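Single-letter residue listing:
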Amino acid sequence: MTTDNIMRGVVIKGSRRVAIQDYAIPVPGVGEVLLEMQASGLCGSDLRAIYRPENPKSEGAEGYRGVIAGHEPCGKIVAIGQNVSPEWKVNDRVVVYHIHGCGSCRECRAGRFISCHSETGREAYGWQRNGGHSDYILTSAADLVRLLEPLSYIDGSVIACGLGTAYAATLRAQISGLDTVLVTGMGPVGLGAALLAQKEGANVYGLEVDPARRQAAEELGIYTLDGASPKVKETIIELTGGYGPSVVIDCSGHPSARLTGLEVAREWARIVFVGEGGSVTFDVSPLVIHKSLTIYGSWVCSISQMESLVENLVKWKLFPEKVVSHVFSVHEAEKAYALFDSGKSGKVIIASEEEAKRWKESK
């Protein structure tokens, strides 16, 4: 809701506190567009780096500058600045790629804004520039990805970071119908990775210690094992015909899950570490060298990969809002973050009244 050119925006204060503040609705300048926000997701990195710490750091890629939070924005164009490509028009539905790069370095020229080398030109929405937990967001037209029908705005918000991250991991692992895939950690990113791997033709298993998250995964058609079971490794080996998975994607960031993945992986398997934080300690020779494992680190997809993800989702008829468990309005941001921080939810979204109503009626 806006009044007299004033909009609301959510700022994270650290120590599990958020505030809702008033801002002037921005006017797009050269190369910019103004979006009316429709959906903006909460991400685990927001919790880990901004919401939970007493004093979130202010420098570097995860430095938070006290801007409007939310780096998973999706909305529609309502105003266009000068020198914007005529391909973009008012009312176009768009996803915002959540990193704005300098546009000049080698990584930016390859579309990998996440790896931009510039210390001053690289800015993440919701971290160093205003993000999507608001009524409007000002974006660079270069950061837009068209949201194709019949995908919803909430679908687009899930794509903007979480599912884009999962998609990058499946691409790094080069998953195909020849693979058996183990995904450890059935949070929003893990659910996304498992659903995408299934669409790519793989036989997929999940691993999760939390009963509610196991149930959520099962309801989405992902056979999920109890990560706390003392016989879980033997079960995984048995389910995979005595060989172990050919691909392991860790979305948990937990040392024991990472180690389990390495231990059960078959010879010549591909391991992808996606879950942030934590560590893992293992004996390199028997687990990696002698098994000829390939270990990848994977962060976020490129903007061109996000475009292909949108196209594939339409082709596959896969609608990622199915991983969403709760939708809140901007003024309910405190409740939204507290729930997401509890670990007792799926994906949590802050949405417009219209999009929240559509989502609730579709359940």
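See the structure shown above.
So, a few notes on the structure that sits alongside this text.

As for its position among the elements, T180 is in strand β10 (residues 180–184). For the pair T180 and S58, spaced 122 residues apart in sequence, the C-alpha separation works out to 41 Å. With residues near it in sequence (within four places) discarded, T180 still touches N203, Y205, T240, P245, S246, V247 and R266.

On to the packing of helix α3 (residues 153–173) against helix α9 (residues 303–316). The geometry of α3 relative to α9 is characterised by a closest axis approach of 10 Å and an angle of 95° between their N-to-C directions. The pairing of α3 with α9 is recorded here as roughly perpendicular in orientation. Across from I159, A160, L163, G164, Y167 and L171 in α3, the residues of α9 making contact are Q305, M306, S308, L309, V310, N312 and L313. For the contact of α3 with α9, the per-class residue count stands at nine nonpolar, four polar and no charged.

This next bit is on the packing of aromatic side chains. Enumeration according to the criterion identifies three aromatic pairs in this entry. Aromatic side chains Y97 and F113 sit 5.6 Å apart centroid to centroid with 85° between the ring planes, which places their arrangement in the edge-to-face category. Taken as a pair, Y97 in the loop between β5 (93–96) and β6 (99–100) and F113 in the loop between α2 (106–109) and β7 (123–124) lie far apart in primary sequence, 16 residues in all. Both residues of the pair, Y97 and F113, belong to the buried class. Here R93 stacks its cationic end above the ring of Y153, 5.4 Å away from the centre of that ring.

Here we come to the nonpolar core. One finds V181, V183, L196 and I249 to be the most contacted residues of the largest nonpolar core, which totals 88 residues. Ranked by residue count, the leading element in this core is α3, at eleven residues. In this view, V183 contacts G190, A193, A194, V204, Y205, G206, L207, I249 and C251; residues no more than four positions away in its chain are not counted. Listed in part, the 15 residues of the second largest apolar core include L182, A265, V288 and L293.

Right, let's get into the side chain of T139. On the secondary structure map, T139 appears in strand β8 (residues 136–140). Excluding anything up to four places from it in sequence, T139 contacts G31, E32, V33, L35, V96, Y125 and L144.

Moving on, we come to the sheet that holds β10. Strand order in the open sheet formed by six strands is β12-β11-β10-β13-β14-β15, with parallel pairing between adjacent strands. Every interior strand has two partners, whereas the edge strands, β12 (223–226) and β15 (294–297), have only one. The sheet shows a mean angle of 20° between the axes of neighbouring strands, taken without regard to direction. Relative to β12, strand β11 (residues 203–208) is paired through four bridges, and the arrangement is parallel. Looking at the pairing, Y205 lines up with Y223 of β12. Across the face of the sheet, helix α5 (residues 211–219) comes into contact with β11 and β12 while running at roughly 160° to β12.

Take the pattern of salt bridges next. In this structure the tally under the stated criterion is 20 salt bridges. With a closest N to O distance of 2.5 Å, R16 and D341 form a salt bridge. With R16 in the loop between β1 (6–14) and β2 (17–24) and D341 in helix α10 (residues 333–342), this pair connects stretches of sequence that are 325 residues apart. R16 sits in the partly exposed class, given a relative accessible area of 44%.

Definitions and cut-offs
- Residues numbered from 1 in each chain as written.
- Predicted model: local features only at pLDDT ≥ 70, side-chain atom pairs only at ≥ 80, totals over all residues.
- Heavy atoms only, no water.
- Helix = DSSP H or I, 4+ residues; strand = E, 2+ residues; numbered from the N terminus.
- Contact = heavy atoms within 4.5 Å.
- Axes fitted to C-alpha atoms, helices over the stretch in contact; angles between N-to-C directions.
- Parallel < 35°, antiparallel > 145°, perpendicular 65-115°, else oblique.
- Nonpolar A, V, L, I, M, F, W, Y, C, P; charged D, E, K, R; others polar.
- Phe/Tyr/Trp six-rings, centres within 6.5 Å; stacked < 30°, edge-to-face > 60°.
- Buried < 20%, exposed > 50% of the residue type's maximum accessible area, 1.4 Å probe, protein only.
- Lys NZ or Arg CZ within 6 Å of the ring centre and 35° of its normal.
- Core = buried A, V, L, I, M, F, W, Y, C linked by side-chain atoms within 4.5 Å.
- Pairing = 2+ DSSP bridges.
- Salt bridge = Lys/Arg side-chain N within 4 Å of Asp/Glu carboxyl O.

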